[in-house]
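Descriptive structure summary
Okay, here's what each chain looks like letter by letter:
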Amino acid sequence: MAVERTFSIIKPDATARNLTGAVNALIEKAGLRIVAQKRIRMTREHAETFYAVHKARPFFGELVDFMISGPVVVQVLEGEGAVLRYRDVMGATDPSKAAEGTIRKVHARSIGENSVHGSDAPETAAIEIAQFFSGNEIVG
Ligand code: ATP
Ligand code: MG
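Let me begin by describing the structure that accompanies this report. Everything quoted here is computed from the prediction, not taken from an experiment. (Residues numbered from 1 in each chain as written. Chains lettered and ligands numbered in written order. Predicted model: local features only at pLDDT ≥ 70, side-chain atom pairs only at ≥ 80, totals over all residues. Heavy atoms only, no water.)

**Some remarks on the nonpolar core**
- Formed by 21 residues in total, the largest nonpolar core has its most connected members in Phe7, Met42, Met67 and Phe133.
- At the level of secondary structure, the elements contributing two or more residues to this core comprise strand 1 (3-10), strand 2 (33-40), helix 3 (44-50), helix 4 (60-67), strand 3 (72-80) and helix 7 (122-132).
- Not counting residues within four places of it along the chain, the set of residues in contact with Phe133 comprises Phe7, Ala36, Gln37, Lys38, Val74, Gln75, Val76 and Ile138.
- Counting residues in each nonpolar core, the second largest holds 15 residues, with Ile10, Val23, Ile27 and Leu32 among its members. (Core = buried A, V, L, I, M, F, W, Y, C linked by side-chain atoms within 4.5 Å. Buried < 20%, exposed > 50% of the residue type's maximum accessible area, 1.4 Å probe, protein only. Helix = DSSP H or I, 4+ residues; strand = E, 2+ residues; numbered from the N terminus. Contact = heavy atoms within 4.5 Å.)

Now the structure itself:
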């Protein structure tokens, strides 16, 4: 499998509980390399753009409010099959359905406050990475 990159966000519920290092430990244990990382506060405009695909969903407003409620840590992860590998490490969107040992099973509070985001395909990963990082901020 080819080495690829995916985009990750450690969400406000996790940064609020000081879990950045705990989440990163699970990422690294899974063989993914953190090749870029910064702690930021998303603007409402950026959160709305980032989650535009969910605009028509009933939880859209709640999702945007949550993502701007505190700091997030945005990351680029690199490794073989990184997109799918990270989705495996994250676990199901709803933590009650997530597999044992996954980030969401271990740390998430609810389907909304679910601790992490990961891209769903290499194409969306490239778009999402470009929204937050310039090329010279990613060091593989
Ligand atoms: P993400 O895109 O954040 O990696 P995902 O791909 O597992 O998560 P999506 O279906 O893309 O899940 O939903 C995006 C985000 O919207 C979820 O991570 C969650 O925070 C929120 N969300 C999804 N479904 C619900 C819901 N039923 N109620 C509240 N929030 C939800
Ligand atoms: Mg998604």
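Let us keep going from here.
**Side note on the sheet that holds strand 2**
- A sheet is described by the order of its strands in space; here four strands give the open sequence 2-3-1-4, paired in antiparallel fashion. Each end of this open sheet is capped by a strand with a single partner; those strands are strand 2 and strand 4 (116-118). Here the average twist between neighbouring strands, direction ignored, is 20°.
- Two elements, strand 1 and strand 3, share eight bridges in a ladder whose sense is antiparallel. Each bridged residue has a counterpart across the sheet, and for Thr6 the counterpart in strand 3 is Leu77.
- Contacting strand 1, strand 2, strand 3 and strand 4, helix 2 (residues 20-29) runs over the sheet at an angle of about 160° to strand 2.
- Lying on the sheet, helix 7 is in contact with strand 1, strand 2, strand 3 and strand 4; it crosses strand 1 at an angle near 55°. (Pairing = 2+ DSSP bridges. Axes fitted to C-alpha atoms, helices over the stretch in contact; angles between N-to-C directions.)

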